[in-house]
Amino acid sequence: MLEQSSSPLLEVSHLARHFPVRGFLNRRVATLRALDDVSFTMTEGEVLGIVGETGSGKSTLGKTLMGIHRPTGGEVRLGGEQIASPSQKRAALVRARLQYVYQDPGASLDPRWTLRRSLHEPLVIHTNWSHAQREAKVREIAAAVDLPPTHLDLYPHEISGGQLRRAGLARILVLNPQLIILDEPTAGLDVSVQAAILALLRELKREFNLTYILISHDLAVVRSFSARVAVMYLGRIVEIGPTAEVFAAPRHPYTRSLLAAAPRIGGPRVTESFLLLGEPPDPLQLPWGCRFRTRCCLAMPECAGLAVQLEYEARHGVACPRWRQWDIRNQGTPPSPGTSVPFG
Ligand SMILES: Nc1ncnc2c1ncn2[C@@H]1O[C@H](COP(=O)(O)OP(=O)(O)O)[C@@H](O)[C@H]1O
Ligand SMILES: [Mg+2]
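What you see is a predicted model, and the numbers here were worked out from it, not measured in a lab.

So, on to the sheet that holds strand 8 (residues 211-215). Within the open sheet, the 8 strands sit side by side as 6-7-8-3-9-10-12-11. Their pairing is mixed. The strands lining the two open edges of the sheet, one partner per strand, are strand 6 (98-101) and strand 11 (311-313). Here the strands of the sheet are splayed against their neighbours by 20° on average, with no regard to which way each runs. By the bridge criterion, 2 bridges tie strand 10 (residues 236-242) to strand 12 (residues 316-318) in an arrangement that is antiparallel. The partner of Ile240 across the bridge, within strand 12, is Gly317.

One way to say it: the disulfide is the covalent bond shared by the sulfur atoms of two cysteines. One pass over the full model with this rule turns up 0 disulfides. Counting only cysteine sulfurs, Cys290 is the nearest neighbor of Cys303, a cysteine outside any disulfide, at a range of 6.1 Å. Cys320 takes part in no disulfide bond, and the closest cysteine sulfur, belonging to Cys290, lies 6.3 Å away. Overall, the relative accessible area of 11% leaves Cys320 in the buried class.

The biggest cluster of nonpolar side chains holds 87 residues, and the ones touching the most others in it are Leu10, Phe40, Leu61, Leu65, Leu204, Tyr212 and Ile213. Summarising the domain contributions, this core has at least three residues from each of domain 1 (1-18 + 42-217) and domain 2 (246-344). Leu10 has contacts with Phe40, Thr41, Met42, Leu65, Val76, Arg77, Leu78, Leu179 and Ile213, leaving out every residue within four places of it along the chain.

Attention now goes to the side chain of Arg228. Locating Arg228 in the fold gives a position in strand 9 (residues 228-233). A polar contact of 2.6 Å, which involves the side chain of Arg228, links it to the side chain of Glu46.

As a further point, take helix 6 (residues 191-208). The first and last C-alpha atoms of helix 6 sit 26 Å apart over 18 residues, in line with the 26 Å expected at 1.5 Å per residue. Of the positions making up helix 6, those classed as buried are Gln194, Ile197, Leu198, Leu200, Leu201, Leu204, Lys205 and Phe208. Burial along helix 6 is one-sided: seen end-on, the buried residues are contained in an arc of 160°. In helix 6, those exposed residues whose orientation departs by more than 90 degrees from the buried face are Val191, Ser192 and Arg206. On its buried face, helix 6 sits against strand 3 (47-51), helix 4 (131-144), helix 5 (161-173), strand 7 (179-183), strand 8 and helix 7 (219-225).

Turning our attention to unusual backbone geometry. Outside of glycine, negative phi angles account for most residues, and trans bonds account for most peptide bonds. The backbone phi angle of Asp37 is positive, close to 50°, even though this residue is not glycine. Relative to the elements of secondary structure, Asp37 occurs in strand 2 (residues 28-42).

Let us look at the site of ligand 1. Ligand 1 sits among Phe19, Leu32, Ala34, Glu53, Thr54, Gly55, Ser56, Gly57, Lys58, Ser59 and Thr60. Within the backbone of Ser56, an N or O atom sits 3.2 Å from an oxygen atom of ligand 1. Between an oxygen atom of ligand 1 and a side-chain N or O atom of Thr60, the distance comes to 2.5 Å. In the complex, the protein chains occlude 63% of the 560 Å² of accessible area that ligand 1 would expose alone. Considering every element that reaches the shell around ligand 1, the biggest residue donor is helix 1 (residues 58-66), with 3 residues. Looking at the shell around ligand 1 residue by residue, the class counts come to 3 nonpolar, 6 polar and 2 charged.

What counts, and where the lines are drawn
- Residues numbered from 1 in each chain as written.
- Chains lettered and ligands numbered in written order.
- Predicted model: local features only at pLDDT ≥ 70, side-chain atom pairs only at ≥ 80, totals over all residues.
- Heavy atoms only, no water.
- Pairing = 2+ DSSP bridges.
- Helix = DSSP H or I, 4+ residues; strand = E, 2+ residues; numbered from the N terminus.
- Axes fitted to C-alpha atoms, helices over the stretch in contact; angles between N-to-C directions.
- Disulfide = S-S within 2.5 Å.
- Buried < 20%, exposed > 50% of the residue type's maximum accessible area, 1.4 Å probe, protein only.
- Core = buried A, V, L, I, M, F, W, Y, C linked by side-chain atoms within 4.5 Å.
- Domains from an automatic or database assignment.
- Contact = heavy atoms within 4.5 Å.
- Polar contact = N/O pair within 3.5 Å; in protein donor to acceptor, adjacent residues only side chain to side chain.
- Expected span 1.5 Å × (residues − 1).
- Arc of directions from axis to C-beta.
- Near = heavy atom within 4 Å.
- Areas by Shrake-Rupley, 256 points an atom, 1.4 Å probe, with all protein chains shown as cover.
- Nonpolar A, V, L, I, M, F, W, Y, C, P; charged D, E, K, R; others polar.

Here you go:
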């Protein structure tokens with residue numbers, strides 16, 4: 001069940017992250033399975049979009065890849081080298097090669113520091129460069145993200161939201177990362193600023209030969225920005241494949257529902273049968289078998305007993321063994337030829 005043939009940059013196998021839920025006297029009362037059995041690979045230079053509702057585990061995936069959370073199970077390899085497993089503490093050098101960009105850039109910039117100090121700081125930690133060497137790198141990267149040199153003397157509260165994002169990006173680019181995890185990079189920005197940030201990310205990718213994981217609940221952003229997309233539901237990938245294919249001919253009923261809820265992106269025709277039923281289940285009491293079955297209007301009693309795994313046909317994987325039965329592809333009209341060219 002090989003997903004790709006060329007040698008991968010990132011290999012994620014059966015990755016899991018569970019959080020203990022504690023009650024009275026700090027006793028462990030339950031386990032929240034925020035991420036469960038997630039596997040995929042990425043080649044260098046690729047852009048993989050991750051979509052799914054709030055609480056589906058997108059950020060947990062990003063943070064577990066990055067090493068902010070230690071995996072509960074599974075492993076992560078970067079360039080063939082194991083960089084994360086339940087027993088492994090991540091080395092600082094590996095941390096530098098993989099970077100996570102928080103949605104809120106304020107999280108990475110100290111409000112008491114000038115941008116210059118914030119941009120020098122990672123280099124102070126990760127290198128033994130002289131001040132002059134660091135300053136040269138900081139200026140090079142500031143120019144690459146279009147931050148005027150005079151801004152380096154300013155504090156975070158003195159610059160705009162768009163400039164904060166640029167500074168946040170600069171702070172990680174000084175470390176020459178290979179893979180960047182962008183968690184909702186455009187959330188909370190005006191549409192024009194969003195477009196500018198996406199254009200900048202494209203430019204930076206080319207200039208620094210980057211690989212991106214783009215986490216976003218905005219399907220339009222993912223569609224225009226990532227050539228491949230993974231759809232998450234309650235801690236699992238339910239569908240993964242080339243973006244154009246997944247959006248035009250979704251195989252999983254959940255993907256179909258997500259697209260039906262976002263008609264403006266021009267996906268397949270909205271059919272009532274694919275609207276989501278009810279609310280997401282309590283994450284502490286996940287349904288047996290297929291986790292989506294309680295909201296799936298195509299669910300059958302046997303879905304409770306299914307061992308649901310991603311099954312690939314070419315590069316398109318779906319975690320619903322019954323997808324062929326309802327031949328989802330025949331229920332929608334194909335989208336008009338792409339208005340935006342996927343990237344990466
Ligand atoms: N540090 C944590 N401790 C306990 N539960 C967490 C923690 N981080 C996330 N969760 C839970 O894990 C699930 C997935 O959350 P998250 O990864 O933030 O989803 P998303 O980014 O898709 O909105 C949610 O139910 C959330 O409440
Ligand atoms: Mg999140």
